[in-house]
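Chain by chain, the residues run as shown.
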Amino acid sequence: MFLLLGFVLTLNSRPANSQRFFYRGSAEVGRYEDVAKRIIELAVFGAAQNRSYRRLADFTDTIGNRVSGSQNLEMAIKYMYNAMKQDGLDVHLEPVKIPHWVRGKESAEMIKPRTKSLAMLGLGSSVGTPPEGVEAEVLVVQSFEELKRRASEATGRIVVFNQPFINYLETVAYRAFGASEAAKVGAVATLVRSITPFSINSPHTGWQIYQEGVKQIPTACITVEDAELMWRLAQNKQKIVVRLVMGAQTLPDADSFNTVAEIRGWQHPEQVVLLSGHLDSWDVGQGAMDDGGGAMISWEALSLIKDLGLRPRRTLRAVLWTGEEQGGVGGQQYFNLHKENISNFDLIMESDLGTFTPMGLQFLGSDAARKVMEEVIKLLAPINVTKLETDAEGTDIFLWMQAGVPGASLHVADSRYFWFHHSEGDTMTVQDPHDMDLCSALWAVVAYVVADLEDMLPRRP
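These numbers come from a predicted model, not from an experiment. (Residues numbered from 1 in each chain as written. Predicted model: local features only at pLDDT ≥ 70, side-chain atom pairs only at ≥ 80, totals over all residues. Heavy atoms only, no water.)

1. Some remarks on the packing of aromatic side chains
- Counted under the stated rule, the structure contains 15 aromatic pairs.
- The ring centre of Trp299 lies 3.7 Å from the NZ or CZ of Arg55, which sits over that ring. (Phe/Tyr/Trp six-rings, centres within 6.5 Å; stacked < 30°, edge-to-face > 60°. Lys NZ or Arg CZ within 6 Å of the ring centre and 35° of its normal.)

Shown next, in the form of structure tokens:
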């Protein structure tokens, strides 16, 4: 999940013709009740039970993490291409150029007032330090406002941001922009408290952005515990000195691919319902939660539909994005390649907040489309997931929704998501087989029914 995940959209839409679509949609969607039950039965209780979990375990245990530009990501794409081919789906690859940042060897150590190793992870796109590292006195602040007030103290220092976790979208600004803000007042490096509400001395990495025209300084994340430790020491007027060593470097953009699998529609193959997750991850943990699970349920949804011998009117297309963690690079390039055909995209879906217990479906579209989707989500009553929410989110589908294509995202019980996000803790141990079955069933039912309705979802006039 990219640093500003969510790009949450709530657009006003005109209610024209919504009643007409509601009454027709209610009767038409209701005819899919038996099909929905068959999909749910297969996914949750039948031969496909635990399959998405087993697929994810085999994938992540075999490949490991898959950072943009790495050999592991290349192996992951080949793995998924072959696996989905063997599953009987139509599969192809679409070329993408993606960033290639390499972490290198790195370490951080507090030298004064006592010696202590600091658990850390360099932030994506950061420059490295000189080979001997950077050793400097520390300035600890809790906000950008405090940094500005104490700007005269920052020159030549390593700035430590000990910002409290409020929510991800607000707090992630320190990871994203902290280095440039500190560089403006003369800092030589930054250490940012990990963007998480819970820690067991675990650093959480992620992408950061240098401001144009501002000196680029090394930046890394440290644990909540160490950020708070240095804050307490600073409050007690202790002099803190840290040595930071980072071998990070940015290499030329690498060749990669979005991985695309399809079940071709029987009546309108040119029209598409797209469901997706991203295949890349950070270079720690296994990338099982972020976003191996989202990728696997998108594949699993097609498998369930194929296994039942179903073929919708429109094409079902699963896209496993590349380069999402670097700002949705794969999604942006896919949009640029296919936007001339935008009128044929019926619904675009993304799962990138984990595959925990599903709570509902987030949806963005016209009032008339919402009426249809309210009927569709009722088909998930057998697994008690019937809530249609007002927002949709997803780095890779943002441009499509902004252009007026109806969008949907999976809402799960994600209270633990940022405990493991972008850390060594993102492993298969986080995943639950039954939860993944439920998510797969929801994903498959929604995608199939929308793809098989007589008409495409109505858009805003």
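2. Digging into the UniProt feature "domain: Peptidase M28" (unreviewed entry) in the protein chain
- In the numbering used here, UniProt assigns the feature "domain: Peptidase M28" (unreviewed entry) to residues 258-444.
- Between the end C-alpha atoms of residues 258-444 there is a gap of 21 Å, over a span that is 34% helix and 25% strand. (UniProt positions renumbered as here; feature names shortened; annotations may be inferred. Helix = DSSP H or I, 4+ residues; strand = E, 2+ residues; numbered from the N terminus.)

3. Here's the deal with the packing of helix H3 (residues 51-63) against helix H4 (residues 71-86)
- Taken N-terminus to C-terminus, the directions of H3 and H4 make an angle of 145 degrees; their axes are 10 Å apart at the nearest point. Considering how the two elements wind past one another, H3 and H4 form a crossing that is right-handed. Contact residues: H3 offers Arg55, Asp58, Phe59, Thr62 and Ile63, while H4 offers Asn72, Met75, Ala76, Tyr79 and Met80.
- Taken together, the residues of the contact of H3 with H4 break down into 6 nonpolar, 2 polar and 2 charged. (Axes fitted to C-alpha atoms, helices over the stretch in contact; angles between N-to-C directions. Left-handed = near helix turned anticlockwise from the far one by under 90°. Contact = heavy atoms within 4.5 Å. Nonpolar A, V, L, I, M, F, W, Y, C, P; charged D, E, K, R; others polar.)

4. Examining the nonpolar core
- Within the largest apolar cluster, 90 residues are counted, with the highest numbers of intra-cluster contacts made by Leu347 and Val446.
- For this core, the leading source of residues is helix H13 (residues 433-452), giving 14 residues.
- Counting contributing residues per domain, this core is built from domain 1 (29-100 + 252-452) and domain 2 (104-247), each supplying no fewer than three.
- Non-local contacts of Val446, meaning those with residues more than four positions away in its chain, are made with Leu347, Met349, Leu361, Met373, Val376 and Leu380. (Core = buried A, V, L, I, M, F, W, Y, C linked by side-chain atoms within 4.5 Å. Buried < 20%, exposed > 50% of the residue type's maximum accessible area, 1.4 Å probe, protein only. Domains from an automatic or database assignment.)

5. A few points about the domain arrangement of the protein chain
- According to the domain assignment, the protein chain consists of domain 1 (29-100 + 252-452) and domain 2 (104-247).
- Here the C-alpha centroids of domain 1 and domain 2 sit 35 Å apart.
- On the domain 2 side, the residues contacting the 11 residues of domain 1 number 13 residues.
- Both sides together, the interface formed by domain 1 and domain 2 hides about 1,000 Å², and carbon and sulfur atoms give 72% of it.
- Counting across the interface, domain 1 meets domain 2 through 0 salt bridges.
- Inspection of the region where domain 1 meets domain 2 yields 3 residue pairs in polar contact (both at pLDDT 80 or more). (Buried area = accessible area lost by both parts, 1.4 Å probe. Salt bridge = Lys/Arg side-chain N within 4 Å of Asp/Glu carboxyl O. Polar contact = N/O pair within 3.5 Å; in protein donor to acceptor, adjacent residues only side chain to side chain.)

6. What about the pattern of salt bridges?
- Enumeration according to the criterion identifies 22 salt bridges in this entry.
- For Glu228, the salt bridge is made with Arg193, and the minimal N-O distance between the two is 3.3 Å. Remark: Arg193 occurs in strand S7 (residues 189-193) and Glu228 occurs in helix H7 (residues 224-235); sequence separation between them is 35 residues.
- With relative accessibility at 31%, the residue Glu228 sits in the partly exposed group.
- On the accessibility criterion, Arg193 (11% relative accessible area) is buried.
- Connected via shared salt-bridge partners are Arg51, Arg55, Asp87, Glu300, Lys306 and Asp307.

7. Quick look at unusual backbone geometry
- In this structure, Pro113 follows Lys112 across a cis peptide bond, with omega equal to 5 degrees.
- By secondary structure assignment, the location of Pro113 is in the loop between strand S2 (106-112) and strand S3 (116-118).
- Cis rather than trans, the peptide bond between Asp290 and Asp291 has omega equal to 0 degrees.
- Phi is positive for Ser125, which is not a glycine, with a value near 80 degrees.
- Looking at where Ser125 falls in the secondary structure, it is placed in the loop between strand S4 (120-122) and strand S5 (134-141).
- With phi around 65 degrees, Lys237 is a residue other than glycine that occupies positive phi space.

8. Digging into the sheet that holds S4
- If you trace the 8 strands from one edge of the open sheet to the other, you get S3-S2-S9-S5-S6-S7-S8-S4, paired in mixed fashion. Strands with a single pairing partner mark the edges of an open sheet, and in this sheet they are S3 and S4. Direction aside, neighbouring strands of the sheet carry axes that sit 30 degrees apart on average.
- In this sheet, strand S8 (residues 219-222) lies alongside S7 in parallel orientation, the contact comprising 4 bridges. Counted as the bridge partner of Arg193 is Ile222 from S8. (Pairing = 2+ DSSP bridges.)

9. Re the sheet that holds strand S1 (residues 90-102)
- Pairing is mixed in the open sheet, where 8 strands are placed in the order S1-S10-S12-S11-S13-S16-S14-S15. Each having just a single partner strand, S1 and strand S15 (388-389) make up the two edges of the open sheet.
- Pairing geometry for S1 and strand S10 (residues 249-263), over 12 bridges, is antiparallel. Looking across to S10, one finds that Leu93 is bridged to Thr259.
- Against the sheet, helix H9 (residues 329-338) touches S1, S10, strand S11 (268-278), strand S12 (314-321) and strand S13 (345-350), its axis set at about 130 degrees to S1.

10. Some details on the packing of H3 against helix H8 (residues 288-307)
- Packing of H3 against H8 leaves a shortest axis separation of 9 Å and a crossing angle of 130 degrees. Considered as vectors, H3 and H8 are oriented oblique to each other. Crossing of H3 over H8 shows right-handed handedness. Between H3, through Arg51, Ser52, Arg55, Leu56, Phe59 and Thr60, and H8, the contact on the second element is made entirely by Ala288, Gly292, Gly293, Met296, Trp299, Glu300, Ser303, Leu304 and Asp307.
- When the residues that make up the contact of H3 with H8 are grouped by side-chain class, the tally is 6 nonpolar, 5 polar and 4 charged. (Parallel < 35°, antiparallel > 145°, perpendicular 65-115°, else oblique.)

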